[in-house]
Amino acid sequence: MPRISTILALLLAILFAFMSYASPLFAGSCMNQYEATPPFITASAQSNVLLVMDYSGSMQSQAYYSTTWHRYPYDQVANYGNKWDNHSEYNKSQTYYGYFDSESYYKYNDYEEYWEVDTNTSYSGNEIGDEDSLSGNFLNWLVMSKIDVSLKALIGGKGSCTGDNCVLKPQGAKRYVNIKNLDCRAYVRPEGYPGHNVYNNDLLITVSDLWDSEIGTFTDRTANVQVDASERQGVVQNNFDSVRFGFMAFATGNNDDAYEGDIKHGVHSTNMDNMISQVEDIVPYAGTYTGEALQEARDYLKQDDMFSYNSEYENKGDVEDPYYLEKDDGSLEAAWCRQSYVVLISDGEWNGNQDPIDPAYDLHTEDIRDESDMRQNQTARVYSLFAFSDDSSGENAMKSIAAYGSFEELTNCNEDLPYTFSDPSYVDSKNIDYPRSSCESPDNYDSCCSEWDRKDSDGIPDTYYSAANGAEMANALTQIFSDIQQDTSSGTSVTTVRSKTTTGSVVGQAAFFPEKQFSGDREVKWLGDIYSNWF
């Protein structure tokens, strides 16, 4: 037995040594010129993931009930409803995602001016409670805005933390809502409204009778809530160490926080706290210049012709360059094998001067970097997350952004374009209808549709996701990052399986031909075998 164990250990060591050639020995090295690596082996340089997020004024609106927009009567605070504009009903059987725990009840701490979990509540299940012990699910329904649930999914919510606790701070527009089935009216607005420069103040809640409020009444309580610091987690914290995160906000030029694509955090930065701070500190306001933002994302990766307000991130060949890496000795090298992804989050209702499918197509098909030290082609894969809207034109645009920004060209299909789609210069993405012709059902589905619909053949681009509410947004972002991780970080390795009923081990390994030619000029890539050996 000792001899067998020694032999097995030696064989495993040799196998792991061979496999290490397909894994990153050094985070910044690009070994492709010395080896051929299967497409599912770990990329040898961390990928760039640029979040491009819509901070237009519609993100101030409510997440869970309809409202009426009355523009911006005071600076950046939108008016989404006067006293008799909005009528709704709270559905206690539905779970509402947000800063409050939907299964807990909260009491208001008048001294600290925040809500905290009521551990002595007499309520349970889906009861609503009252002004002394109120359902967290109801509070989510009442106060959460679209920007709130977005920040919850991305970073765990806007807030400040001290020690083991955080205070999360909802935000959003001024609005009234008449809650018919509870016989009460809620008035939600930033403290100091109406007034100037009040958007970032605490959000206040006042509840009054319509007839006889079922939850009681109260005046000027903040919407802030105390949570455990460990609960403030989102996709940024969960993925920050595995990718190179960048963050860009966009609206229009008269939003000083976002402009038409304002980079807030470069992919070169390893300061996660800075990125979280940047994500939560932007006021959603003004219009939706999606095309201009994606163009700036392309220019950022290209390191050329960027907006002046992003000049600190344009430094080709230096540490700020998304395709360069600073080594341990301080020198820089081209990380030409690095993959790049752009994740667009928006309601799709763009109103700028550039259709977003144009830069999405350019990001994915043009060689972003043509310098001599950039081997092969550098392109980006574009994901779109259509959030908080039922507008069909916005949905069409977001699906088309995904199709143009991620298709994989197949022979004898639609040369240089995703199958069934036209040159993006001559179409309006809002008017591209779905399902696409020949890609709409099992009985009418051309194999060429897999250029952009490879995963499930459902007629929807693979990199398109949608979210009607906060929970769906959190799930969609999780799926997007899972897909990115699979695209860049999955691989084959030596696997040892020991049976409980026998002695010995089974050692498995995959072996491949990078390319193999067959008769008739037929070529197959990554043809291989899986070997299983018992020791």
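Everything below is about the structure printed above this text.
Quantities reported herein were computed from a predicted structural model and do not represent experimental measurements.

Visitor: Would you mind showing me how to read the overall build of the protein chain here?
Guide: Tallying secondary structure elements over the protein chain gives nine helices and 25 strands in all. Counting across all 535 residues of the protein chain, residues that qualify as buried make up 52%. As displayed, the protein chain has an accessible area near 24,700 Å², and 44% of this comes from carbon and sulfur atoms.

Visitor: Could you clarify how one ought to interpret the sheet that holds strand β11 (residues 203–209) in this entry?
Guide: Think of a sheet as strands paired side by side through backbone hydrogen bonds, with each pair either parallel or antiparallel. The strand order across the open sheet formed by five strands is β2-β9-β10-β11-β12, and the pairing between neighbours is mixed. Each edge of the open sheet is held by one strand with a lone partner, namely β2 (87–88) and β12 (218–222). Sheet topology note: the β11/β12 ladder contains three bridges and is antiparallel. Across the sheet, Ile-205 pairs through a bridge with Arg-221, a residue of β12. Lying on the sheet, helix α2 (residues 136–143) is in contact with β2, β9 (175–179), β10 (184–190) and β11; it crosses β9 at an angle near 130°.

Visitor: Can you walk me through the packing of helix α7 (residues 357–365) against helix α8 (residues 392–404) in this structure?
Guide: Relative orientation and spacing of two packed helices are given, respectively, by the angle between their axes and the distance between those axes. Direction vectors running N to C along α7 and α8 enclose 20°, while the axes themselves pass 8 Å from each other. By the angle between their axes, α7 is roughly parallel relative to α8. As α7 runs across α8, the sense of the crossing is right-handed. Contact residues: Ile-357, Ala-360, Tyr-361 and His-364 in α7; Ser-400, Ile-401 and Tyr-404 in α8. Residue composition of the contact of α7 with α8, grouped by class: five nonpolar, two polar and no charged.

Visitor: Just to check I follow, could you spell out the pattern of salt bridges for this structure?
Guide: Under the defined criterion, the tally for this structure stands at 11 salt bridges. Notably, a salt bridge pairs Asp-483 with Lys-455, separated by 2.6 Å at the nearest N-O pair. Of this pair, Asp-483 sits in helix α9 (residues 470–489) while Lys-455 sits in the loop between β21 (444–445) and β22 (464–467), and the two are 28 residues apart along the sequence. Salt bridges here are not isolated pairs; linked through shared partners, they connect Arg-298, Asp-299 and Glu-366.

Visitor: Help me understand the packing of aromatic side chains in this model?
Guide: The relative placement of two aromatic rings is captured by the distance of their centres and the angle of their planes. Scanning the model with the defined rule gives 25 aromatic pairs in all. A centroid spacing of 6.0 Å and a plane angle of 85° characterise the contact between Tyr-361 and Tyr-404, whose relative ring orientation is edge-to-face. Highlighted residues: Tyr-361 in helix α7 and Tyr-404 in helix α8, separated in sequence by 43 residues. Per residue, the accessibility class of Tyr-361 equals that of Tyr-404, and both read buried.

Visitor: Got a minute to help me understand helix α3 (residues 146–155) in this structure?
Guide: Because an α-helix completes one turn every 3.6 residues, residues spaced three or four positions apart along the sequence face the same direction. Of all 10 residues in α3, 10 are buried, a share of seventy percent or more. Buried within α3 are the following residues: Lys-146, Ile-147, Asp-148, Val-149, Ser-150, Leu-151, Lys-152, Ala-153, Leu-154 and Ile-155. Positive backbone phi, approximately 90°, marks Gly-156, located one or two places after α3.

Visitor: What am I meant to see in the state of the cysteines here?
Guide: Any covalent bond linking the sulfur atoms of two cysteines counts as a disulfide. Summed over all chains, the structure comprises three disulfides. Here Cys-161 is linked by a disulfide to Cys-166, with a sulfur-sulfur distance of 1.9 Å. Negative torsions about the S-S bond denote left-handed disulfides, and the value of about 100° found for Cys-161 with Cys-166 makes this one right-handed. Classification of Cys-161 by relative accessible area gives partly exposed; the value is 40%. The disulfide that involves Cys-439 links it to Cys-449, with 1.9 Å between the sulfurs. In this structure, the disulfide formed by Cys-439 and Cys-449 twists by about -85° around the S-S bond and is classed as left-handed. Placement of Cys-439 in strand β20 (residues 439–441) and of Cys-449 in the loop between β21 and β22 is noted, with a sequence separation of 10 residues between them.

Visitor: Is there a simple way to think about the environment of Gln-376 in this case?
Guide: Following the sequence through the fold, Gln-376 ends up in the loop between α7 and β19 (380–387). As for Gln-376 and Cys-337, which are separated by 39 residues in sequence, their C-alpha atoms are 8.2 Å apart.

Visitor: Would you explain the side chain of His-364 in this entry?
Guide: You can see His-364 is positioned in helix α7. Since its relative accessible area comes to 15%, His-364 is described here as buried. Non-local contacts of His-364, meaning those with residues more than four positions away in its chain, are made with Thr-379, Ala-380, Arg-381, Tyr-404, Gly-405, Ser-406 and Phe-407.

Visitor: Got a minute to help me understand the sheet that holds β19 in this structure?
Guide: As summarised here, the arrangement of the six strands in space is β15-β14-β1-β18-β19-β22, forming an open sheet in which the pairing is mixed. Unpaired on one side and paired on the other, β15 (262–265) and β22 mark the two borders of the sheet. Neighbouring strand axes in the sheet, compared pairwise and without regard to direction, differ in orientation by 20° on average. Relative to strand β14 (residues 244–250), strand β1 (residues 48–54) runs parallel, the two being bridged by seven bridges. Bridge pairing in β14 links Val-49 to Phe-245.

Visitor: Is there a simple way to think about a negative patch on the surface in this case?
Guide: Residues Asp-101, Glu-103, Asp-164, Asp-228 and Glu-231 make up a contiguous surface patch of negative charge. Look at Asp-228 and you get partly exposed, because its relative accessible area is 40%.

Visitor: Could you clarify how one ought to interpret the packing of α3 against helix α5 (residues 272–280) in this entry?
Guide: For the pair α3 and α5, interaxial distance at closest approach is 11 Å and the crossing angle is 170°. Judged on the interaxial angle alone, α5 and α3 are roughly antiparallel. Residues Leu-151, Leu-154 and Ile-155 of α3 form the contact with α5, whose own contacting residues are Ile-276, Val-279 and Glu-280.

Visitor: Before we go on, may I ask you to explain the pairing of β11 in this structure?
Guide: A regular strand carries its side chains on alternate faces of the sheet. Within β11, five of the seven residues are buried, which leaves the element mostly enclosed by the surrounding structure. Pairing of β10 with β11 involves seven bridges; the strand directions are antiparallel. The residue of β11 that forms the bridge with Pro-190 is Leu-203.

Rules of the game
Residues numbered from 1 in each chain as written. Predicted model: local features only at pLDDT ≥ 70, side-chain atom pairs only at ≥ 80, totals over all residues. Heavy atoms only, no water. Helix = DSSP H or I, 4+ residues; strand = E, 2+ residues; numbered from the N terminus. Buried < 20%, exposed > 50% of the residue type's maximum accessible area, 1.4 Å probe, protein only. Areas by Shrake-Rupley, 256 points an atom, 1.4 Å probe, with all protein chains shown as cover. Pairing = 2+ DSSP bridges. Contact = heavy atoms within 4.5 Å. Axes fitted to C-alpha atoms, helices over the stretch in contact; angles between N-to-C directions. Parallel < 35°, antiparallel > 145°, perpendicular 65-115°, else oblique. Left-handed = near helix turned anticlockwise from the far one by under 90°. Nonpolar A, V, L, I, M, F, W, Y, C, P; charged D, E, K, R; others polar. Salt bridge = Lys/Arg side-chain N within 4 Å of Asp/Glu carboxyl O. Phe/Tyr/Trp six-rings, centres within 6.5 Å; stacked < 30°, edge-to-face > 60°. Disulfide = S-S within 2.5 Å. Patch = residues over 30% accessible without salt bridge, like charges linked within 9 Å, V, L, I, M, F, W, Y side chains within 5 Å. Lys, Arg positive; Asp, Glu negative; His and termini not counted. Charge placed at Lys NZ, Arg CZ, Asp CG, Glu CD.

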